[in-house]
Protein chains: 2
Amino acid sequence: MPTDETPDIECAVFHLRKTTRTITQLYDEVLRPTGLRSTQYSILRIVSNLGPFTVNELGTTMGMDRTTVTRNVRLLERMGHLRIEPGDDRRTRRVRLSARGRSAVEKTQPYWEQAQAILVGGLGDKRWQKLRNELTAIVNVGRKELDKRADTR
Amino acid sequence: MPTDETPDIECAVFHLRKTTRTITQLYDEVLRPTGLRSTQYSILRIVSNLGPFTVNELGTTMGMDRTTVTRNVRLLERMGHLRIEPGDDRRTRRVRLSARGRSAVEKTQPYWEQAQAILVGGLGDKRWQKLRNELTAIVNVGRKELDKRADTR
DNA sequence: CTTTATTACGTGTATATACTCTCTTTATGC
DNA sequence: GCATAAAGAGAGTATATACACGTAATAAAG
């Protein structure tokens, strides 16, 4: 059962979820030797590039529910990749990369590049850049509506 | 914390997962009165439009692992939306919509249309059509690579 | 300065996801 | 025909995800 064309379905969330499932499987497969899953590497990369973060900030950056961040981050802390320190305020916690986490990101980088090369290579760099922009655009559409609905409540 | 721009990150799987999280939240929010989640409605819709399916076929169509199909379908069976019958072969099972499932799809349709309208309306129909095609394209890129790797093993 | 609202975060629960391993059934080789 | 391979599916386990609810700390109102 090789590559089947996705049938005539308009539903946006269906296409997005199907695509994300498939591409996550690809990245997970390529990253497998590193012991990091796609989401885990994403979190470490984001924290590495833009951190440190509070739990809330990380959630906003990743479009991820706060409580999901808590659990994902806890896992990475147990693996020794992240450190979770008290924040400025006694309510907040500061999530930052550990030395081990930094090393893991470096070691994983070439595998990530390989996966990225397969995908971007298969689509073409220009098309990927455009796609990336469109993804950002619909995130903003969705985010805006969700924020609007949250305000009403 | 309103709509924040996704920072300068190239990683494809990060953008896809972030987008899918956000859009799933939107659809789930709009679908909430119906009691169906995004994935559940997607499965019912697919089975309704293209079914019946074996577990494997449904997995292929949705880019979903076979074992995930088993569990998702079981849930919908317990809700009374799907029926799971023996297939042509004593190995296979046939997944089809029940009368109740058909009714649920119909009742849910206007909510789905509302969510879809928010998204497609926010992006523009032309851009959405293009985006949809690009999503299909990268699914095929990913699928092809995954199949290649599966053959080697 | 006390009451009240807001902010930041965690737990309980349920769905979504996929890999590994195993079982049963069908197809293939000889 | 029988041994072996392949196909279809489920169970065990682990991660990913988010909503409802609860708690502690800070900010705002008076």
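Worth saying up front: this structure is predicted, and the values here are computed from it rather than measured.

Draft legend 1. Fine view of the interface of chain A and chain B. Each partner contributes to the interface: chain A provides 67 residues, whereas chain B provides 67 residues. Summed over both sides, the interface of chain A with chain B buries roughly 7,000 Å², with 63% coming from carbon and sulfur. One can count 6 salt bridges joining chain A with chain B. With a shortest N-O distance of 3.6 Å, arginine 132 of chain B and glutamate 10 of chain A are connected by a salt bridge. For the interface between chain A and chain B, the tally reads 21 residue pairs in polar contact (both at pLDDT 80 or more). Of all the secondary structure elements, the ones that give two or more residues to the side of chain A that touches chain B are α1 (12–31), α2 (38–50), α3 (55–62), α5 (99–123) and α6 (125–152) of chain A. It is α6 of chain A that contributes the most residues to the side of chain A that touches chain B, 20 residues altogether. Looking at the side of chain A that touches chain B residue by residue, the class counts come to 29 nonpolar, 21 polar and 17 charged.

Draft legend 2. Expanded view of the sheet that holds strand β3 (residues 93–97) of chain B. Residues and elements named next belong to chain B. With antiparallel pairing, 3 strands are arranged side by side in an open sheet as β1-β3-β2. Edge positions in the sheet fall to β1 (53–54) and β2 (82–86), since each has one partner strand and no second. Here β1 pairs with β3 via 2 bridges, running antiparallel. When the bridges of β3 are listed, phenylalanine 53 appears paired with valine 95.

Draft legend 3. Main features of the protein's contact with DNA strand D. In the vicinity of DNA strand D, 29 residues are found, and the nearest of them are Gln25, Arg32, Thr70, Arg71 and Arg74 of chain B. With respect to DNA strand D, the side chain of arginine 21 of chain B contributes an N or O atom lying 2.9 Å from a phosphate oxygen. Take arginine 66 of chain B: an N or O atom from its side chain is 2.8 Å from a base nitrogen of DNA strand D. At the level of elements, α2 and α4 (66–78) of chain A together with α1 (12–31), α3 (55–62) and α4 (66–78) of chain B are the ones that each hand at least two residues to the surface near DNA strand D. Of the residues contributing to the surface near DNA strand D, the split by class is 3 nonpolar, 12 polar and 14 charged.

Draft legend 4. The arrangement of the pattern of salt bridges in detail. With the rule as written, the count across this model stands at 22 salt bridges over all chains. Glutamate 85 of chain A is the salt-bridge partner of arginine 96 of chain A, the closest N and O atoms lying 3.1 Å from each other. Of this pair, arginine 96 of chain A sits in strand β3 (residues 93–97) while glutamate 85 of chain A sits in strand β2 (residues 82–86), placing them 11 residues apart in sequence. Arginine 149 of chain A serves as the salt-bridge partner of glutamate 29 of chain B, at 3.9 Å between the closest nitrogen and oxygen. Of this pair, glutamate 29 of chain B sits in helix α1 while arginine 149 of chain A sits in helix α6, which puts the two residues in different chains. Its relative accessible area of 21% is what places glutamate 29 of chain B among the partly exposed residues. Three or more residues are tied together by salt bridges with common partners; here these are Glu29 of chain A together with Glu145, Lys148 and Arg149 of chain B.

Draft legend 5. Looking closely at the pairing of β3 of chain A. Residue and element names in this part refer to chain A. Bridging between β2 and β3 involves 5 bridges; their strand directions are antiparallel. Counterpart to arginine 83 in the pairing with β3 is arginine 96. The turn joining β2 and β3, which pair antiparallel and follow one another in sequence, is formed by 6 residues.

Draft legend 6. Structural context of the sheet that holds β3 of chain A. All names here are of chain A. Read from one edge of the open sheet, 3 strands run β1-β3-β2, paired in antiparallel fashion. A single partner strand is all that each edge strand has here, and the edge strands are β1 (53–54) and β2. Most of the contacts of α4 go to β2, to which it runs at about 115 degrees, and overall it touches β2 and β3.

Draft legend 7. Region of the structure containing the layout of surface pockets. Each pocket or cavity is described by its volume, and for the largest pocket that value is around 1,100 Å³. In terms of lining, the largest pocket is formed by 32 residues, of which the most central are Arg17 and Thr20 of chain A together with Arg17, Thr20 and Arg21 of chain B. Elements represented by at least two residues in the lining of the largest pocket include exactly α1, α2 and α4 of chain A together with α1, α2 (38–50) and α4 of chain B. Among the residues making up the lining of the largest pocket, the classes are represented as 5 nonpolar, 17 polar and 10 charged.

Cut-off values and rules
Residues numbered from 1 in each chain as written. Chains lettered and ligands numbered in written order. Predicted model: local features only at pLDDT ≥ 70, side-chain atom pairs only at ≥ 80, totals over all residues. Heavy atoms only, no water. Contact = heavy atoms within 4.5 Å. Buried area = accessible area lost by both parts, 1.4 Å probe. Salt bridge = Lys/Arg side-chain N within 4 Å of Asp/Glu carboxyl O. Polar contact = N/O pair within 3.5 Å; in protein donor to acceptor, adjacent residues only side chain to side chain. Helix = DSSP H or I, 4+ residues; strand = E, 2+ residues; numbered from the N terminus. Nonpolar A, V, L, I, M, F, W, Y, C, P; charged D, E, K, R; others polar. Pairing = 2+ DSSP bridges. Near = heavy atom within 4 Å. Buried < 20%, exposed > 50% of the residue type's maximum accessible area, 1.4 Å probe, protein only. Axes fitted to C-alpha atoms, helices over the stretch in contact; angles between N-to-C directions. 1 Å grid on protein atoms, 1.4 Å probe; cavity = no way out; pocket = protein on both sides within 12 Å on 5 of 7 lines; lining within 4 Å. Points joined across faces, edges and corners; volume = space filled by probe spheres on them.

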